[in-house]
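Here is how the chains run, residue by residue.
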Amino acid sequence: MDGGCHTTPSDSGTPVASDPMTVAATSPLFAVVFTVFVVAALVLVVLTLRFVIGQARANRTAWLDRRAGVDDGTADGSADGDEEDEEEEDEGLTALVLAGGSTRGAIQIGMLQVLAEHGFVPDRVYGSSVGAINGAGFAADPTRAGVERMAQIWLGLKREDVYPQGRLHGPWLYLQQRDAVYSNSGLRTIVSLGFPFERLEESTIPLEVVATSLTDGGERWFTQGPAVAPILASAAMPAIFPPVEIDGERYIDGGVVNNVPIQRAIDGGATRIVVLLCSPPIVTPTPSRRPVEGMVNALLIAIHARFVRDMAHLPEGVEVILCSGPEGTTRDFDDFSTTEHLIALGRAEASEIVRRYGLGTIPYPAPPVPVPTMADPDGAIAEPDGTTTGTPGPDGEPGTATASGYPSSDVPLSAASTASPASPPTGRPAASTAAPPVTQPDPGT
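Predicted model, so just to flag it, every value in this text is computed and none were measured.

**With respect to the overall build of the protein**
Link 1 in the chain: Helix and strand counts for the protein stand at twelve helices and 16 strands.
Link 2 in the chain: Taken across its 445 residues, the protein has 41% of its residues classed as buried.
Link 3 in the chain: For the protein, contacts bridging at least 24 residues in sequence account for 76% of all contacts bridging at least 6.
Link 4 in the chain: For the protein, the accessible surface area stands at approximately 24,000 Å², while carbon and sulfur atoms represent 58% of it.

**Focus on the pattern of salt bridges**
Link 1 in the chain: This model, assessed by the stated rule, comprises ten salt bridges.
Link 2 in the chain: Glu208 is the partner of Arg264 in a salt bridge, and the nearest nitrogen-oxygen pair spans 2.7 Å. You can see Arg264 sitting in helix H10 (residues 262–267) and its partner Glu208 sitting in strand E3 (residues 207–213), a full 56 residues away along the chain.
Link 3 in the chain: Judged by relative accessible area, Arg264 falls into the partly exposed class, the value being 28%.
Link 4 in the chain: One salt bridge connects Asp310 with Arg306, and the closest N-O pair in it is separated by 3.0 Å. Taken as a pair, Asp310 and Arg306 lie in helix H11 (residues 291–312) at a separation of four residues, close to a single helical turn.
Link 5 in the chain: One salt-bridge network, in which partners are shared between bridges, spans Asp216, Arg220 and Glu249.

**A closer look at helix H5 (residues 144–155)**
Note: α-helices contain 3.6 residues per turn, so residues at a spacing of three or four share the same orientation.
Link 1 in the chain: Between the first and last C-alpha of H5 there are 16 Å, a value that for twelve residues agrees with the 16 Å anticipated at 1.5 Å per step.
Link 2 in the chain: When H5 is considered as a whole, its buried residues turn out to be Gly146, Val147, Met150, Ala151 and Trp154. The arc enclosing the buried residues of H5, seen along the axis, measures out at 140 degrees, which places them on a common side. Away from its buried face by more than 90 degrees, H5 exposes Arg144 and Ala145.
Link 3 in the chain: Each element contacted by the buried residues of H5 is listed here: helix H3 (106–117), helix H4 (130–140) and helix H12 (339–357).

**So, the environment of Thr143**
Link 1 in the chain: Relative to the helices and strands, Thr143 resides in the loop between H4 and H5.
Link 2 in the chain: Here the alpha-carbon distance between Thr143 and Leu112, two residues 31 residues apart in the chain, equals 9.3 Å.
Link 3 in the chain: Only 3.2 Å separates the side chain of Thr143 from the backbone nitrogen of Gly146, close enough to count as a polar contact.

**Looking at the nonpolar core**
Link 1 in the chain: One finds Leu96, Leu112, Tyr163, Phe241 and Leu276 to be the most contacted residues of the largest nonpolar core, which totals 65 residues.
Link 2 in the chain: By residue number, the principal contributor to this core is H3, which donates eight residues.
Link 3 in the chain: Discounting chain neighbours no more than four positions away, the residues touching Leu276 are Leu96, Val97, Leu98, Ala99, Gln108, Met111, Leu112, Leu115 and Cys323.

**Observations regarding the packing of H4 against H5**
Link 1 in the chain: Close contact between H4 and H5 brings their axes to 9 Å; oriented N to C, the two are set at 140 degrees. On the basis of the axis angle, H4 is oblique to H5. Here H4 runs over H5; the crossing is right-handed. Taken together, the residues of H5 that come into contact with H4 (itself represented by Val130, Asn134, Gly137 and Phe138) are Val147, Met150 and Trp154.

**Some words on the confidence of the model for the protein**
Link 1 in the chain: With 65% of its residues at a pLDDT of 70 or more, the protein shows a mean pLDDT of 74.
Link 2 in the chain: Taken as a whole, residues 73–79 scores under 50 in pLDDT and shows three contacts with residues more than four places along the chain or in a different chain.
Link 3 in the chain: pLDDT under 50 marks residues 375–445. Its contacts with residues more than four places away, or in other chains, come to 147 contacts.

The rules behind each value
Residues numbered from 1 in each chain as written. Predicted model: local features only at pLDDT ≥ 70, side-chain atom pairs only at ≥ 80, totals over all residues. Heavy atoms only, no water. Helix = DSSP H or I, 4+ residues; strand = E, 2+ residues; numbered from the N terminus. Buried < 20%, exposed > 50% of the residue type's maximum accessible area, 1.4 Å probe, protein only. Contact = heavy atoms within 4.5 Å. Areas by Shrake-Rupley, 256 points an atom, 1.4 Å probe, with all protein chains shown as cover. Salt bridge = Lys/Arg side-chain N within 4 Å of Asp/Glu carboxyl O. Expected span 1.5 Å × (residues − 1). Arc of directions from axis to C-beta. Polar contact = N/O pair within 3.5 Å; in protein donor to acceptor, adjacent residues only side chain to side chain. Core = buried A, V, L, I, M, F, W, Y, C linked by side-chain atoms within 4.5 Å. Axes fitted to C-alpha atoms, helices over the stretch in contact; angles between N-to-C directions. Parallel < 35°, antiparallel > 145°, perpendicular 65-115°, else oblique. Left-handed = near helix turned anticlockwise from the far one by under 90°. pLDDT = per-residue confidence, 0-100.

Shown next, in the form of structure tokens:
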């Protein structure tokens, strides 16, 4: 038996790799992965350093600016507050809303005269019915010259210019099968010649007018396109003027659905809204003497309910300033004989508004403009509040009455704040105080 060493041959003829051989095979793959990792780490470090250096430079610049402000005597906190106040002012929009009112729309001309004289230029103009006509004129040229041109047009109007009558004119026209009693040809001529622009988007101030659709009874707003047709549609009083067709759809007076479109202004971002009403904010219909007057009274009562609801649900932070006219200043819906008197009433009301709330950029000169009285056919003198007292003077002069001679409805109604009477005339609301609670009139009154 051999006691030496023996080797046993392997059962398989295939060679087996040892551990050193495996490490040698994986070394190139490891080198590639490690290189990629190192490069990515270096890129990340470089980006981080650039970001840190940039932030350090920005902080140093801000610190130097603050030091410079302190050296100039400007506190950092007040500077930040001023910047915040400027941003808030830039965000708020001032809107001018002109309501409907037929021939009483002459009151708005007097109001616009005062606003233009004091440099009041709103960011947007919204108009309904006759307010669409006056609003378009002001949006086209919001200067004293532009408003004076509108005033001359109003002063030159006669009944036949707006309500042309044929040889067979009479009460039976309301019973005939026709769209309206009067043609809108006269009003179309006035509108066509009264504005220097042909399309709504060409106005100096952005303008929006509303009309009532006869398709579904909804309100339609026009902001662009030909100007004459939408304005005529907005002023197409039912049964008085025929509907106006635009793009295959017929429209009538916008006041039917939205006579005082303050909600539209709010939806457009307005935080301060100046409203020019043709009558008091509380409707008191006069006894009707004709069927058409009865229809107009019923229409006024119905559309006034929308205004009451909108005023009762003002969102917080929205300020509404009402500029309204008194009652009893017109005899008929087609009467233009009191236009001059209505313009004077509008001037007196707007003068008080500007004096109290600093609208515009030009300081208000006191005292307010006196309002001439209007002689009644019976010899009595019609006061600005609609009552008639006394007789003409010895020389036949009717006399004058100041702006305080009739109830003023210019107290702004606000859900949050109202401008102080001592506000500077900057066109923007000054530091505001809490507004007193406002009791809204019942829609049925």
